[in-house]
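# Structural overview for review
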Amino acid sequence: MQSVPAQHSNVNKLLYGVAYYDEYMPAERLEKDIKMMKEAGINVVRIAESTWSTVEPQDGVFDFTHIDRALNAMHKAGIKVIIGTPTYAVPTWLVHKYPDVLAITPQGKNQYGPRQNMDISNNNFRFHAERVIRKIMEHVKDHPAIIGYQLDNETKAYNTAGPEVQKRFVEYMKAKFVSLDSINRAFGLDYWSNRINSWEDFPSMVSSINASQTSEFAKFQRKMVTDYLAWQAAIVTEYKHPEQFLTQNFDFDWKGFSYGIQTEVDHFAASKALDIAGVDIYHPTQDALTGLEISFGGDVARSMKAGKNYLVLETEAQGFPEWVPYPGQLRLQAFSHLASGANMVEYWHWHSIHNSAETYWKGLLSHDFEPNPTYDEAKTIGKDFQRLSSYLLNLTKRNEVAILFSNEAMSAYNSFRPGRLSYNDVLRQMYDALYKINVGVDFVDPTSTHIEKYKILVVPALYAAPDTLLERLNRYVKNGGRIVYSFKSGFSDQNVKVRTCVQPGIISEACGINYSQFTVPQNVSLKDDPFLVGSGNNNVNTWMELITPTTAKVLAYYDHPVWGKYAAITQNSYGKGTATYIGCATSNQVIEKILANEVKNAGLWGEAQKLYFPVITKDGLNERGKTIRYLFNYSSKPVSVLYTFENGRELLSDKAVNKNNMLEIDSWGLKIIEEQ
Amino acid sequence: MQSVPAQHSNVNKLLYGVAYYDEYMPAERLEKDIKMMKEAGINVVRIAESTWSTVEPQDGVFDFTHIDRALNAMHKAGIKVIIGTPTYAVPTWLVHKYPDVLAITPQGKNQYGPRQNMDISNNNFRFHAERVIRKIMEHVKDHPAIIGYQLDNETKAYNTAGPEVQKRFVEYMKAKFVSLDSINRAFGLDYWSNRINSWEDFPSMVSSINASQTSEFAKFQRKMVTDYLAWQAAIVTEYKHPEQFLTQNFDFDWKGFSYGIQTEVDHFAASKALDIAGVDIYHPTQDALTGLEISFGGDVARSMKAGKNYLVLETEAQGFPEWVPYPGQLRLQAFSHLASGANMVEYWHWHSIHNSAETYWKGLLSHDFEPNPTYDEAKTIGKDFQRLSSYLLNLTKRNEVAILFSNEAMSAYNSFRPGRLSYNDVLRQMYDALYKINVGVDFVDPTSTHIEKYKILVVPALYAAPDTLLERLNRYVKNGGRIVYSFKSGFSDQNVKVRTCVQPGIISEACGINYSQFTVPQNVSLKDDPFLVGSGNNNVNTWMELITPTTAKVLAYYDHPVWGKYAAITQNSYGKGTATYIGCATSNQVIEKILANEVKNAGLWGEAQKLYFPVITKDGLNERGKTIRYLFNYSSKPVSVLYTFENGRELLSDKAVNKNNMLEIDSWGLKIIEEQ
Amino acid sequence: MQSVPAQHSNVNKLLYGVAYYDEYMPAERLEKDIKMMKEAGINVVRIAESTWSTVEPQDGVFDFTHIDRALNAMHKAGIKVIIGTPTYAVPTWLVHKYPDVLAITPQGKNQYGPRQNMDISNNNFRFHAERVIRKIMEHVKDHPAIIGYQLDNETKAYNTAGPEVQKRFVEYMKAKFVSLDSINRAFGLDYWSNRINSWEDFPSMVSSINASQTSEFAKFQRKMVTDYLAWQAAIVTEYKHPEQFLTQNFDFDWKGFSYGIQTEVDHFAASKALDIAGVDIYHPTQDALTGLEISFGGDVARSMKAGKNYLVLETEAQGFPEWVPYPGQLRLQAFSHLASGANMVEYWHWHSIHNSAETYWKGLLSHDFEPNPTYDEAKTIGKDFQRLSSYLLNLTKRNEVAILFSNEAMSAYNSFRPGRLSYNDVLRQMYDALYKINVGVDFVDPTSTHIEKYKILVVPALYAAPDTLLERLNRYVKNGGRIVYSFKSGFSDQNVKVRTCVQPGIISEACGINYSQFTVPQNVSLKDDPFLVGSGNNNVNTWMELITPTTAKVLAYYDHPVWGKYAAITQNSYGKGTATYIGCATSNQVIEKILANEVKNAGLWGEAQKLYFPVITKDGLNERGKTIRYLFNYSSKPVSVLYTFENGRELLSDKAVNKNNMLEIDSWGLKIIEEQ
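Only a predicted model underlies this, so the values are computations on that prediction, with no experimental measurement involved. (Residues numbered from 1 in each chain as written. Chains lettered and ligands numbered in written order. Predicted model: local features only at pLDDT ≥ 70, side-chain atom pairs only at ≥ 80, totals over all residues. Heavy atoms only, no water.)

## Observations concerning the overall build of chain A
- Counting its regular elements, chain A contains 17 helices and 32 strands.
- Seen through its C-alpha atoms, chain A measures out along the principal axes to roughly 75 × 75 × 40 Å.
- The buried share of chain A, taken over its 676 residues, is 69%.
- Per element, the accessible surface of chain A, about 21,500 Å² overall, is 50% carbon and sulfur. (Helix = DSSP H or I, 4+ residues; strand = E, 2+ residues; numbered from the N terminus. Buried < 20%, exposed > 50% of the residue type's maximum accessible area, 1.4 Å probe, protein only. Areas by Shrake-Rupley, 256 points an atom, 1.4 Å probe, with all protein chains shown as cover.)

What follows is the structure in structure tokens.
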């Protein structure tokens, strides 16, 4: 599909930024910091997020000193400012006066100390949050340094589940299901006497053993986030100038780094209140730097607003001690963000913090505020961003492959996850395979209206879905689309009730298969190594469905004395399209082969596929209508790459590059070619 | 001893059943289900257990629709019905009105959601439980389909330990010990100032660090279960017809499957209120199917009522995904239950449940209600049960070996367990060895009056026991019995006070040994591999007592530079009998050799012992006074077995079998011979 | 430095003791026990500690029966008595009447059962504790058997953190910091809106995410212990006779045994209220006996009162089952205590306890009260103590090497510990290396006034320290001292605020290095194996600082493609001294080589260093002014040792030993030479 570039009037150049906290400084630093920022090409800072206790030191007493200092000094230096509302960390006085602002979670009442400990739906929280936002907005709204606003930060519902939240949940359930009988039926509550026969009896979901209930509650909690951000957006919008943008800093499912689709937020729904999508992306570096998370997080962020460019509101500079970047890596990372469609790369944070929880999450500067190798490398990035802004800004990406994810399916699947295999594990295995073969990917969810535009749809673990969605997917295939499903797709309906028909339910038709039994593989592999991945990569693990094809062709049978008669992986022609079904968990190599074959079958195997990870290529159209082609070397060894794309000019070196030239790319290095 | 068969007038044929929940059906299924049941030979269903919220949707409002539907339809089809009282899962309205029905445990107040979360001694719970039971009984009591009643389900005290329970516990202690002084002395409460000098000061046992206290509290909790079941039994008995039986579904210590003696219930005491013992038995299958749990659970169940036949009220059909049976296994399992003395095999459950906690605990049917390989195999079982009922019903078992277990010893031992070795681990190692050498076993406990009838008594970890029991065991040996004790037997008295004499206390006399030190073995084995098990199986682990024989013969010394002078395993002639003492934890192979030697020494080594696991044989007398001999192949390879038992007729094939014939048994196959 | 011997008038011979509880006896034992004690040379018992519930069975009702029985019987037998105040385990009635005596910790309200569950600052606890102490003191004070008093036992603050403690903490903070502004600044509380703008808003520290706060709270809790012991000391001092001593039984950081510096007590501060330092030391035995914990615990105990001799108030006899000593080990242990400066070795406990938590923590006697091999060995120790008392009592130790530890640095370091490497791990690695090369060590802390007397100062992980301390250490080097720092030293100030200058901050000057980045090593070793430890021991693990030398000599570079340009270990001449900086975690072998080199460089490499673990030598001056030299063989093999010290007499055998004699030492054996 063709993406629509961000085109936000206020994002008219590549933004290179840092989060900056005048509040946290152990000594006067502002002028010195700005001088060093300018030297590094920093042209934007994010301020004020999480600083409620300095902005409003006592109930109703406001102090804008730090905001004013930063705004004025930045403006003077020509550095733009994003103002963050300060609401994701509550001040001591608020908790002291209104203890109920702290969320009650399944683990009990939260205690003061950490950020993100409040109930975002609490009236006392909302009253004071609104007041402090309005006060800040009234104060700053006409300041010329401000290009946009960030609402809150990494917002979630933080598992808030106390009595007040329960009341709202019951109201939500009344509105959605109308009668208890329909809930009892849809959720199967007769089981273990969980039936609810009166609204007053509605039990807390906290200790529910029913995944229909817990998944609905998770959905309700995601809706709380959507509603909360829309509420903040409405407030800020009353004050902000039209050319100033609204964004949020969404984060990802965290596995020690930005790993997968966020389970607690419906990014597509929540981002509707925003002008520009914003995300934070954190990832391992050193020998473990692959670019995967940058690409994944970027593809999700870009897809939030259907292809519009996005902001990387936070990413690591030095980060955790184990992430201190090798020479070249900070550059490689920065341009990798741009290659996925980012218009801003902003580090969290400028300087390393001298006290508290994130002392060892290091910024661009160490605690000593002196230049260091990471800062020195940032200086080269800042210069290149400035020089190449007009070539690289507002990249338009065109992808023919999309991954269909679903927050609902994720909640449901994870309630019954086989072994340790999470929804995001299944999704990432498919995503990572496409990344390695240099196939660009968009993300769609069940609300997306443009699903049908893609040539290939990759569908991990679509465990819970309404009939309408599955029928739509069948139609998509019938009309010529290609789908690759993982196991467990189609298994239950939108209420996480297992379908009462033969599995995989509605999609059986397009897939040409059925099964009614499944088991956990022990010493099972794929018969005769059908994907030629070698015996070490040919195993089946964690989950296997015992599939019988009806019209499908079998791509792989199980190799096992008992289960050998069942199919593991199948492919079916249905109408003008093809549905591939992967009925088991297997290796990265097998998944990659299946997806590569589908890319070939779809006629999408092109020049980019002649390259393979660690050589990664990304491309898009720039505002001049030219193709920008990035070539990245995600390895510690220099590589020689045969350049088979169009003739063009390498922008970093400003040298011509012609088709079939050999390009030498340094370890952790990159090339950027504007094709003619 | 000679078992007394169940002979309950209502169990006059082999019962093949399923748990059935009309309540849980996502659509009308009753007639279709009954048709499929009949095709599978299902002749009994259990209904209504756990369905309180549908039977009594609101306080005092009763609705017997589902019970009536099931009773009438089953009756029409000639299928018998067991009614379960619905009390093991409480409805939402009860918790809403009477929050104190939820138990307070050491982890705090339970929350609504799971089953088995209530305080079974709570007055509000008892009042409403009694009322719903009476209402059901009044309604169904004369229905001709009913053959019996199940009280509650898998009942335990669920760790209830709140203030009300504490009050009852203090009353129990007053009644049992009369004076605080006797408690202080018996429990050693002077230690760490735990002395109780006034009944009002009696502290909660929840955080006691005194195993005398915690073991007594565990005993009190087991008594709660016994009392609760007797209370339900009395209620149901007011209504039930004399030929209808009363049973309970006891379960076992759970280790992912039915593993050992139930720690929370005194099965022998609790089953006194019942007519027939009932159990659930769940176990791994596929390559891990051994028959061990079927045999173990069956032997315990049969022993509950001193040899009477029992009901398997629940066992798996498909079960967990990893337990989907291989072809042949469902049959092998069903007949294995019969071979241990079961008169009924009932699956939990008919159909797989579409919502909630047990979605992946699959029944005979999958979620699609269609025939599947497991159901198809059940059809053959149903036919064979029907055809062979008169040969196989009411099997009388005669065993010469018994295992003496003790709930009291278990609580006490587990309070001080060495390493990770639980009481059931010690017991199962001994049980499993006997199983593998085809020695049939009964279970006895300290209340059993017929202990003396056995030729061999196997006594695992009899850690806490009164003088009277140990003196009785000494007398048993003196009179010609053979005992095999494990380590830690005899160590403390019934109050878990370590005996102040030389160890192993009173049984030193029969064992002819003493010790006062023990340690944890490191690089210790049995000297010179006395049991010829090979170096890999000759190690001592986890626990070793430094034994000096007085009159005993040493079967094994430790091999260790320092501990080498001490005995590990001894045997002593005492009176007309022999006491063997195993003073350390060691391998399965060593335990098996010791027990095999004892079987030989007792003159019990017979034809059955020519077979060895995976070939298992079980036998008993049928009602015609003939020996029924089962031969099972618990392996994936067909086996040829030299049949050295009496001439007879193989019932499945209806062919003659003569002594010294070779029998071919399929993988996971079986033979059933009625000897002449 | 020259130690000052204890010289307490009441410790005029080697004390060999046991803890004795007449209260716990299952039957009358007193006379029999005393007879066996006398046979074993026991000349002191500790009684009454933890027996509150027998001394005061009801509120205000006192019963001194057990104390009187023990005092009188012991006195008659010539056995001295140490009276322990009974306050570390509270009676049931106290908790029943005053539930607030139980501490509220971060895990919630404590429950009755275990010892050490109270809030030591609680008024109700203090009132009743004072009363029972006064009653006991009034009753016993003139009894001639008593040589001293032990205050409480293993006292800590037990994480008490409830509202009352919080109030006291806020008062403490007011007194220390005066203004909230100074706290906000010092602790960096602007971060995440943690700023406190009013004393009423001061949040609980329980869920703080700020290590400045949590470290200060830990310090406050340590102060509670110091204050509490001083309070008890003042009470007891009102009654006790001048020649009777006051002591406490301090314990160590516990890792299944006495492992390191106690995190919850400031031993140096708390021991100021005492006459004699007392400790308990527990350690593995059998093949794992090394003497390390005896030496470590002894060196800390001796250092508490700047070199004065100390009492081992508790150590194991049989101990845990896995600690039953091999023949010889109990002797080796006893004399090892003396060799570190102990004047008493007292076992916990005389007999093994028949109920409750410590049933398997065995005393000198087993539960059967009979002689056993461990008791038999104790008899030889008692005899030798008696015979050699005048040679071995009041040993004066002279050490040239000290380890500087800091409770403040420990709390702070552990808040940010890299990987699993605790402060004590870093400290013990350095201590253990010195032990193995037979270098005697004292301990100093930042309050010590005699730091400058040592030739070498070993400084593990001095993570948090005020400027004054670091400047003092720089001066120490400048004046000729030798320091060996580990990584992370100097990093933050006394408020755990990371220093804003180039690292390692103030000590950069003496160390001649700086760094601003650090990372976690992956596949990193020391370049070219500079310490010749072999490739298996040359790795860098867990933490590495990227050091650039300014004036320092590089002892080791990292071996890594990227980090290879940075120094790992450096040494700098500064003034007349030398500062060595170890910028990474590495192997025991490397640490030992670095410290051995420093010992050589300091001219301290002597005859003792010709011996190496498992041959350990310790020495000191006895009261006759002669050198007592201990030689220990910590192994299961006899060793031949070339004796290169001065001529003398071996005291155990009473034989002459001359320089260059070969000495044969048994497995787990020892020699004691009084040099001429």
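## With respect to the interface of chain A and chain C
- Opposite the 47 residues of chain A that make contact, chain C presents 46 residues.
- Together, the buried faces of chain A and chain C total about 3,900 Å²; carbon and sulfur atoms form 55% of this surface.
- Area buried by chain A at its contact with chain C is led by Asn355, Ser356 and Tyr360 of chain A, which between them contribute 18% of it.
- Where chain A meets chain C, there are zero salt bridges.
- For the interface between chain A and chain C, the tally reads 33 residue pairs in polar contact (both at pLDDT 80 or more).
- Listed by contribution, the elements that provide at least two residues to the side of chain A that touches chain C are helix 2 (52-55), helix 4 (92-97) and helix 12 (373-392) of chain A.
- Along the lines of polarity and charge, the residues of the side of chain A that touches chain C split into 21 nonpolar, 19 polar and seven charged. (Contact = heavy atoms within 4.5 Å. Buried area = accessible area lost by both parts, 1.4 Å probe. Salt bridge = Lys/Arg side-chain N within 4 Å of Asp/Glu carboxyl O. Polar contact = N/O pair within 3.5 Å; in protein donor to acceptor, adjacent residues only side chain to side chain. Nonpolar A, V, L, I, M, F, W, Y, C, P; charged D, E, K, R; others polar.)

## Here's the deal with the side chain of His337 of chain A
- Here His337 of chain A shows up in helix 11 (residues 329-339).
- Residue classification places His337 of chain A among the buried positions, given a relative accessible area of 1%.

## Brief notes about the sheet that holds strand 25 (residues 584-586) of chain B
Residue and element names in this part refer to chain B.
- Taken in spatial order, the three strands of this open sheet run 18-20-25, and their pairing is antiparallel. Every other strand in the sheet has two partners, leaving strand 18 (518-519) and strand 25 as the edge strands with one partner each.
- In this structure, strand 18 lies alongside strand 20 (residues 540-545), joined through two bridges in antiparallel fashion. When the sheet's bridge partners are listed, Phe518 is paired in strand 20 with Glu545. (Pairing = 2+ DSSP bridges.)

## Quick notes on the relation of the copies chain A and chain C
- Laying chain A over chain C is done by rotating through 120 degrees and shifting 0.1 Å along the axis; what remains is an RMSD of 0.0 Å. Taken together, these values place the two copies in the relation of a three-fold axis. (Least-squares fit on C-alpha atoms with pLDDT ≥ 70 in both.)

## Focus on unusual backbone geometry
- Residue His349 of chain A is reached from Trp348 of chain A by a cis peptide bond, and omega for that bond is 15 degrees.
- Tracing the chain through its elements places His349 of chain A in the loop between strand 12 (342-348) and helix 12.
- Following Gln503 of chain B, the chain continues to Pro504 of chain B via a peptide bond in cis, the omega torsion being -5 degrees.
- Mapped onto the secondary structure, Pro504 of chain B falls in the loop between strand 16 (482-486) and helix 16 (508-511).
- In this model, Tyr158 of chain C sits at a positive phi of 50 degrees, which is unusual for a non-glycine residue.
- If you trace the backbone, Tyr158 of chain C turns up in the loop between strand 6 (146-150) and helix 6 (163-177).
- Look at Tyr158 of chain C and you get buried, because its relative accessible area is 9%.

## Some points on helix 17 (residues 588-601) of chain A
Residue and element names in this part refer to chain A.
- Over its 14 residues, helix 17 extends 20 Å from the first C-alpha to the last, a length consistent with the 20 Å expected when each residue adds 1.5 Å.
- Residues Val590, Ile591, Glu592, Ile594, Leu595, Ala596, Glu598 and Val599 constitute the buried set of helix 17.
- Within two residues after helix 17, Gly603 carries a phi angle of roughly 75 degrees, on the positive side. (Expected span 1.5 Å × (residues − 1).)

## Side note on the interface of chain A and chain B
- Taken together, the contact between chain A and chain B spans 46 residues of the former and 47 residues of the latter.
- Here chain A packs against chain B, burying approximately 3,900 Å² in sum over the two surfaces, 54% of which is carbon and sulfur.
- Counting the surface chain A buries against chain B, the share from its top three residues, Tyr191, Trp192 and Ser193 of chain A, is 19%.
- Scanning the region where chain A abuts chain B turns up zero salt bridges.
- Linking chain A with chain B are 33 residue pairs in polar contact (both at pLDDT 80 or more), by the criterion used here.
- Partitioned by chemical class, the residues of the side of chain A that touches chain B number 23 nonpolar, 16 polar and seven charged.

## Description of the packing of aromatic side chains
- What the rule picks out here adds up to 153 aromatic pairs over all chains.
- Three or more aromatic residues link up through ring pairs in this structure, and these residues are Tyr360 of chain A together with Tyr413, Phe416, Tyr423, Tyr463, Phe491, Tyr515, Phe518 and Trp543 of chain C.
- A cation over a ring is seen here: Arg629 of chain A above Phe645 of chain A, with NZ or CZ 3.7 Å from the ring centre.
- Above the face of the Phe613 of chain B ring, Lys436 of chain B is positioned so that its terminal group lies 5.5 Å from the ring centre. (Phe/Tyr/Trp six-rings, centres within 6.5 Å; stacked < 30°, edge-to-face > 60°. Lys NZ or Arg CZ within 6 Å of the ring centre and 35° of its normal.)

## Let's talk about the side chain of Asn117 of chain A
Residues and elements named next belong to chain A.
- With respect to the element layout, Asn117 can be found in the loop between strand 5 (108-109) and helix 5 (123-140).
- Of the polar contacts made by the side chain of Asn117, one reaches the backbone oxygen of Pro114; its length is 3.0 Å.
- Ignoring anything within four residues of it in the chain, the contact list for Asn117 reads Val90, Val101, Leu102, Ala103, Asn110, Gln111 and Tyr112.

## Here we look at the packing of helix 6 (residues 163-177) of chain A against helix 8 (residues 211-237) of chain A
Residue and element names in this part refer to chain A.
- Look at helix 6 against helix 8: their axes get within 11 Å of each other, and the N-to-C directions meet at 105 degrees. One finds that helix 6 runs roughly perpendicular with respect to helix 8. Listed contacts from helix 8 to Val165, Arg168, Phe169, Tyr172, Met173, Lys176 and Phe177 of helix 6 are Glu216, Phe217, Lys219, Phe220, Lys223 and Met224.
- Residue classes in the contact of helix 6 with helix 8 are distributed as eight nonpolar, no polar and five charged. (Axes fitted to C-alpha atoms, helices over the stretch in contact; angles between N-to-C directions. Parallel < 35°, antiparallel > 145°, perpendicular 65-115°, else oblique.)

## Some words on helix 1 (residues 30-39) of chain A
All names here are of chain A.
- Looking only at helix 1, the buried set comprises Leu30, Asp33, Ile34, Met36 and Met37. Down the axis of helix 1, the sector holding all buried residues measures 165 degrees, keeping them to one side. Exposed residues pointing more than 90 degrees away from the buried face of helix 1 are listed as Lys32 and Lys35.
- Check the buried side of helix 1 and you find it contacts strand 1 (15-19), strand 2 (44-47), helix 3 (65-77) and helix 12.
- Following helix 1 by one or two positions, Gly41 adopts a phi angle in the positive range, close to 75 degrees. (Arc of directions from axis to C-beta.)

## Description of the pairing of strand 26 (residues 615-621) of chain B
Residue and element names in this part refer to chain B.
- The buried count for strand 26 comes to six of seven residues, which makes it a mostly enclosed element.
- For strand 26 and strand 27 (residues 627-633), the ladder comprises seven bridges, and the chain directions are antiparallel. Bridge pairing in strand 27 places Gly620 opposite Ile628.
- The turn linking strand 26 back onto strand 27 is made up of five residues, and Gly625 within it adopts a positive phi angle of 80 degrees.

## With respect to the environment of Val459 of chain C
Residue and element names in this part refer to chain C.
- Turning to its location among the elements, Val459 is positioned in strand 15 (residues 456-459).
- Separated by 55 residues in the primary sequence, Val459 and Leu404 have C-alpha atoms spaced 5.2 Å apart.
- In contact with Val459, other than residues within four places in its own chain, are Leu404, Met430, Ile483, Val484, Tyr485, Ser486 and Ser489.

Everything listed here is a matter of geometry and, on its own, says nothing about what the molecule does.
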